[in-house]
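Structural description and commentary
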Amino acid sequence: VDNDNAFYFAEGGVLFQNYGGGQTSLFCYPAGKVGESYTVPSHVVAIANNAFESASNLTEIILHENITSIYTSAFRNCTGLIEITIPESVIWIENTLFYGCSSLKKVNLHNKVEEFIYGAFIDCNFVCELIIPESVEIIGAGSFRNCRNLYGEIRLPEGLKCIGTEAFAYSDNLSGNLVIPQGIADIPVNCFNGTWLGGTLTLHDGITTIGTGAFANTGLKGELRLPKNLEVISHEVFYNCDFSGNL
């Protein structure tokens, strides 16, 4: 990068975008850059779209509290990344942020995260307990889809307002009871399909719609009580469940 370029500069082989006032965005970390650990410089306030994509040599990326935004697919296909801590200054987990991070074992989240956007952790290889912060209000479509080594119960936050299609689909190592929070009125298509939870299901009376295959292949059991305000129940909603008692 030319030294006279007012918009971009390089530091240690990494490209940054100048925001002015001493603030920058980390624009591109070269995929083939050598080194297992990288500490994001303190002048960085944002991680750009796809900034670390396919940086497969990295096992550790150290983020700091000056960072307020981490954009779409920033860590996509970082196949060597093992663990990462999201700063408290970041409250949205963006689209496909960790897509294809096949070695990722743990993401440390704080209790200020409000939203998981589409496919935030799709196809990740976590070998850890699923813990969703109580601060989360939105779980986007496919957020935890096909995270096949996640274990434990799906404990949805009491303040959850929206949950997307296939949010937990095919994450088949999860188990236990499932309680749908009061703020959820619509349970979308294939939301929990293939999770094989094997526990009980608690639905509240404010639920109006249950989409196709929403609880299919979950092995949920016990007595099923349908919400009194339910208006739409689609195909194969409870396929391969094991409910008993009166309906």
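My aim in this report is to walk through the structure given alongside it, one point at a time. This is a predicted model, so every value here is computed, not measured.

In this section: the overall build of the protein chain. What the protein chain contains, in helices and strands, is 0 helices and 20 strands. Dimensions of the protein chain along its principal axes, counting C-alpha atoms only, are 75 × 30 × 25 Å. Expressed as a percentage of the 247 residues in the protein chain, the buried residues total 46%. Sequence separation of at least 24 residues holds for 28% of the intrachain contacts in the protein chain that already meet a minimum separation of 6.

To continue, consider the packing of aromatic side chains. As enumerated under the stated definition, the model contains 16 aromatic pairs in all. The interplanar angle of 75° and the centroid separation of 5.5 Å between the aromatic rings of Phe116 and Phe121 together place this pair among those described as edge-to-face. Take Phe116: its relative accessible area is 0%, and that puts it in the buried class.

Quick look at the environment of Cys28 now. Along the chain, the position of Cys28 falls in strand β3 (residues 23–28). Given a relative accessible area of 33%, Cys28 falls into the partly exposed group. As a C-alpha pair, Cys28 and Glu137 span 109 residues in sequence and 31 Å in three-dimensional space. Setting aside chain neighbours within four positions, we find Cys28 in contact with Val14, Leu15 and Ala51.

This part covers the pattern of salt bridges. Per the counting criterion, the structure on display carries 7 salt bridges. Close ionic contact of Lys161 with Glu137 constitutes a salt bridge, the shortest N to O distance being 3.7 Å. Remark: Glu137 occurs in the loop between β11 (115–116) and β12 (138–139) and Lys161 occurs in the loop between β12 and β13 (162–163); sequence separation between them is 24 residues. With a relative accessible area of 55%, Lys161 lands in the exposed category.

Bridge count between β3 and strand β5 (residues 44–47): 3 bridges; the pairing is parallel. The partner of Ser25 across the bridge, within β5, is Ala46. Where β5 lies against strand β7 (residues 69–70), 2 bridges are found, and the strand directions are parallel. In the strand pairing of β7, Ile47 is matched with Ile70.

Conventions we followed
- Residues numbered from 1 in each chain as written.
- Predicted model: local features only at pLDDT ≥ 70, side-chain atom pairs only at ≥ 80, totals over all residues.
- Heavy atoms only, no water.
- Helix = DSSP H or I, 4+ residues; strand = E, 2+ residues; numbered from the N terminus.
- Buried < 20%, exposed > 50% of the residue type's maximum accessible area, 1.4 Å probe, protein only.
- Contact = heavy atoms within 4.5 Å.
- Phe/Tyr/Trp six-rings, centres within 6.5 Å; stacked < 30°, edge-to-face > 60°.
- Salt bridge = Lys/Arg side-chain N within 4 Å of Asp/Glu carboxyl O.
- Pairing = 2+ DSSP bridges.

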